[in-house]
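Analysis of the macromolecular model
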Amino acid sequence: MAGVVGDTGAQSRFRPDIEGLRAVAVLFVLLYHAGLPGLSGGFVGVDIFFVVSGFVITSQLLRELERTGTVDLPQFYGRRAKRLLPAAALVLVVTAVGTWLLAPRVQWSSIAGDLVGASLYVVNWVFVGRSVDYLAEDVEPSPVLHFWSLAIEEQFYIIWPLLILGLVWLATRRSRHLAPTALRSTLALGLTAVVVLPSLAWSIWYTATSPQQAFFTTTTRLWELGLGALVALGAGLWLRMPRPWALAVAWAGLAAILLAGLVQSGQTPWPGSAALLPTLGAAAVIAGGFAAGPRGPETLLGLRGAVWVGGLSYSLYLWHWPLLRMVEWQFGQISTMVGLLVVTASVVPAWLSYRFVEHPIRYSPALNRSPKVALSVGANLTLVSLVAALVLSQVAYRAAAPGEAGGTVTGNLVVEEPEATDGGPGEDPSPPEDEAGGADEPGTADEPEPRGPEPPERTSTDDPPIYETITPDPLAATEDVPRFYDEGCQVTVDEGQVTSCPAGDPDGDVLVYVIGDSKIGQWVPAIEEIALANSWRVVIHTKSACAFTDVMTTVGGEPYEQCRDWGEEVMAELRAEEPDVVITGGLRGEALAEDGTTSREALVEGYARYWSELEEQGTRVIAIADNPQPADPPVYECVDEHRDDHLEQCSWDYRDGSGSEALRLAADQVDGVRFVDMNPWVCPGELCVGVWRNVLTYRQGSHITATFALALAEPLAEHIVPLVGPPAR
């Protein structure tokens, strides 16, 4: 982030327009994060930073190459370490302390992991993993989320001089020396062929197919840094550009940047081809600035205030986001006005850290004399931030350490042994012999409706507990999931393959398929208990946010083609296997109609077509209702904060799950399909609670915990066992 850049050869001059460009970039980011209306594309400020960094670093490397014929790697890395790591380490330590003081305890563990990734400058890959982790849906924005771009830049700083030296070595194998012009041309061609074009092509493809991962991935961003490098390599050409052309190029570039900030939005798949607008704009401002003179964008970007903000941009970028998160932890959701006040106030710690940490270390004579000492200081600062992250992780671990619990292990869950009269979750869920064994074959016309158990009354503090303490502990709620997640059975949104996972009795006589999204998957612990007690062989097919229907649904406002393809493959398997029963459910309430709009009717018709075909081939279909969405998720965070009065503080009035009505209507349309509503047990007496008989009810979003599902195994069995009956074939 140096302010001195090269023109050609050893000649260099201060470029106030580049400092001003940094100011534009950081102000875009700050105002976007503050929620300023109209600046929907403020995130493009990061892409501008990438272009500027690629230009500045490549200019520095070129000057050294042309002066000495090589690059002193220890000196280069030492400069980067003393420039970037002091302020970053300070912010990470302050963030760790702020997390401990202000953040909900349920977030400590996740944030500690992010701090480790940020300390090691690999946090962008941490976020890549989280973006495809369906179980991370309730994870709040990390206070070090902004370190993803710093991680990419650090990775760039490590590989870039090595790449340039490698290209120079290849070019000089037959000739010991290259003239400056030949050197720049060789590097420009090499970097274009090796980095810029492949990275751009990959970015466009990966953004189109996996936009959540593509946003954080280093390989989808290298072309942006490489674009800045190409501008540096073409410095001689830009200097010779006619001034009218230079003025037009530079002003057009600034206009492109401003346009990108106004027209792009969080709905734009990013980076991909859309990122060409701000990055080419930034490149044009820098390239045109070589010859545009004072009549170019430097007129605005070179103003004293803009240059001052540009010089402080790194510190501002570091400090503003953790401060926003801390204010939200303390006061809850903040308004745009408060957000603007916070990012404005971030100037204070940014200037203090710049004045008393960054500047003294960066220009320390001792560090300038010895690259080894500079690298040692950088390593020690990294260690300090890493220790702060590990301390927070240890604190989080101790806070979440479960108490001792007696009982038997079922899958990955600890279930206490029930008392003989309690009817707890470990009790044999099979119904009386005359109900289970005497049922007619599925699909027969005279089959009686299942009687079903009597739902419980409204929850009260007098209800007999199943566990001595709240189980699972709220701090471990996100880990209390069906075991098939650990087995890789939940297909993510971006994936299209069909993954099959067995459960229940492998030698069972009745073949049961569980199909749908995570809302049916949440019942697998209970279904598996029932299957083991009734000799069912179970096959699990689940895909995130995917309804088992033959019509197109949407995810993130876009057609969910992977879901429809997945459903078709699953349906082909059902035709071949002809299972006895399919148990399904889902969150979706609408699907795309033929006119391009979304409607419940389209989803209902899609359900009905699949279900009708299954019933015709002799496969019974059971649809389980979608359970309610919490009023103020996450529930486990509320319970952790109100362990003694959770019934009053963490309850909400019943309302039907968003996917229930479509499932109910489709079941009414198809003879033989049964609709099972477990919501009277999820929300007893139409009051949804965070804790039921010391069982924590909800984990991520509107998903119930695996422990709660097991606790409801008996009433679920009384609903579905009579429907399943003996094997049909």
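Residues numbered from 1 in each chain as written. Predicted model: local features only at pLDDT ≥ 70, side-chain atom pairs only at ≥ 80, totals over all residues. Heavy atoms only, no water.

**Some points on the overall build of the protein**
The helix and strand tally for the protein stands at 30 helices and 19 strands. Within the span of the protein, comprising 729 residues, buried residues form 55% of the whole. Within the protein, counting contacts between residues at least 6 apart in sequence, those at least 24 apart form 81% of the total. A total accessible area of about 30,000 Å² is found for the protein, and carbon and sulfur atoms account for 57% of it. (Helix = DSSP H or I, 4+ residues; strand = E, 2+ residues; numbered from the N terminus. Buried < 20%, exposed > 50% of the residue type's maximum accessible area, 1.4 Å probe, protein only. Contact = heavy atoms within 4.5 Å. Areas by Shrake-Rupley, 256 points an atom, 1.4 Å probe, with all protein chains shown as cover.)

**Points about the pattern of salt bridges**
Under the criterion given, the structure shown has 18 salt bridges. Arginine 221 is paired through a salt bridge with glutamate 224; the nearest N and O atoms lie 3.6 Å apart. Residues glutamate 528 and arginine 483 are paired through a salt bridge, measuring 2.3 Å at the closest nitrogen-oxygen approach. One end of the pair, glutamate 528, is in helix α22 (residues 524–534); the other, arginine 483, is in the loop between α20 (433–436) and β5 (490–491), with 45 residues separating them in the sequence. Of the residues examined, glutamate 528 reaches a relative accessible area of 14% and is grouped as buried. A single network of salt bridges, built from pairs that share partners, joins Arg105, Asp473, Asp640 and Arg643. (Salt bridge = Lys/Arg side-chain N within 4 Å of Asp/Glu carboxyl O.)

**Brief notes about the packing of helix α1 (residues 16–34) against helix α15 (residues 313–331)**
It is the contact of α1 with α15, at a shortest axis distance of 10 Å, that shows an interaxial angle of 5°. Compared by their axis directions, α1 and α15 come out roughly parallel. Side by side, α1 and α15 meet where Arg22, Val26, Val29, Leu30 and His33 of the first sit next to Ser313, Leu316, Tyr317, His320, Trp321 and Leu324 of the second. (Axes fitted to C-alpha atoms, helices over the stretch in contact; angles between N-to-C directions. Parallel < 35°, antiparallel > 145°, perpendicular 65-115°, else oblique.)

**Here we look at unusual backbone geometry**
Between tryptophan 270 and the following residue, proline 271, the backbone shows a cis peptide bond with an omega angle of 10°. Within the secondary structure, proline 271 is located in the loop between α11 (243–263) and α12 (276–292). One non-glycine residue, glutamate 578, lies in the positive phi region at around 50°. Summarising the element assignment, glutamate 578 is placed in the loop between α23 (561–577) and β11 (581–585). Its relative accessible area of 35% is what places glutamate 578 among the partly exposed residues.

**Side note on the state of the cysteines**
Tallying each qualifying case throughout the model produces four disulfides. A sulfur-sulfur distance of 2.0 Å marks the disulfide that ties cysteine 546 to cysteine 563. With the S-S dihedral at roughly 90°, the linkage between cysteine 546 and cysteine 563 falls on the right-handed side. In this pair, cysteine 546 is assigned in the loop between β8 (536–543) and β9 (554–555) and cysteine 563 in helix α23, connecting sequence segments 17 residues apart. Accessibility classification places cysteine 546 together with cysteine 563 in one group, the buried group. A sulfur-sulfur separation of 2.1 Å characterises the disulfide bridge that pairs cysteine 638 with cysteine 650. Taking the sign of the S-S torsion, about -95° here, the bridge from cysteine 638 to cysteine 650 comes out left-handed. Of this pair, cysteine 638 sits in helix α25 (residues 635–641) while cysteine 650 sits in the loop between α26 (646–649) and β15 (651–653), and the two are 12 residues apart along the sequence. (Disulfide = S-S within 2.5 Å.)

**A short note on the confidence of the model for the protein**
Note that predicted coordinates carrying low pLDDT should not be read in detail. The share of residues in the protein with pLDDT of 70 or more is 88%, and the mean pLDDT across the chain is 86. In the predicted structure, residues 1–11 sits below a pLDDT of 50 and forms 48 contacts with residues beyond four places in sequence or in another chain. (pLDDT = per-residue confidence, 0-100.)

**Here's the deal with the nonpolar core**
Grouped together as the largest cluster of nonpolar side chains are 108 residues, with contacts concentrated most on Phe147, Trp160, Leu187 and Ile286. Among the elements that take part in this core, helix α2 (residues 44–68) stands out by supplying 13 residues, more than any other. Among the nonpolar cores identified, the runner-up in size contains 61 residues, and Val512, Ile540, Cys638 and Tyr698 belong to it. (Core = buried A, V, L, I, M, F, W, Y, C linked by side-chain atoms within 4.5 Å.)

**Thoughts on the packing of aromatic side chains**
Counted according to the given criterion, the structure contains 21 aromatic pairs. With a centroid separation of 5.1 Å and 50° between ring planes, the pair formed by tryptophan 148 and phenylalanine 215 is classed as tilted. With a gap of 67 residues between them, tryptophan 148 in helix α6 (residues 147–171) and phenylalanine 215 in helix α8 (residues 211–216) connect regions that are remote in the sequence. On the basis of relative accessible area, phenylalanine 215 is assigned to the partly exposed category, the value being 23%. Taken together, the aromatic side chains of Phe50, Phe127, Trp148, Phe215 and Phe216 make up a single cluster linked through ring pairs. Its guanidinium or amino end placed over the ring of tyrosine 157, arginine 80 lies 5.1 Å from that ring's centre, counting from NZ or CZ. One Lys or Arg, arginine 693, reaches over the ring of tryptophan 692 and ends 5.1 Å from the middle of that ring. (Phe/Tyr/Trp six-rings, centres within 6.5 Å; stacked < 30°, edge-to-face > 60°. Lys NZ or Arg CZ within 6 Å of the ring centre and 35° of its normal.)

**Digging into α11**
The end-to-end C-alpha separation of α11 is 30 Å, in line with the 30 Å expected for 21 residues at 1.5 Å each. Here α11 has its buried residues at Ala246, Leu247, Ala250, Gly253, Leu254, Ala256, Ile257, Ala260 and Gly261. Lining the buried residues of α11 we find α1, α2, α12 and α13 (298–301). (Expected span 1.5 Å × (residues − 1).)

**Re the environment of proline 74**
Inspection of the secondary structure assignment puts proline 74 in helix α3 (residues 73–102). C-alpha of proline 74 to C-alpha of serine 370: the two residues are 296 residues apart in sequence and 9.3 Å apart in space. Setting aside residues up to four positions removed in sequence, proline 74 forms contacts with Pro371 and Leu375.

**Overview of the side chain of glutamine 155**
Here glutamine 155 shows up in helix α6. Since its relative accessible area comes to 17%, glutamine 155 is described here as buried. Looking at glutamine 155, its side chain comes within polar contact range of the side chain of asparagine 124, at 3.0 Å. Each residue touching glutamine 155, except ones within four places of it in the same chain, is listed here: Tyr121, Val122, Asn124, Trp125 and Thr218. (Polar contact = N/O pair within 3.5 Å; in protein donor to acceptor, adjacent residues only side chain to side chain.)

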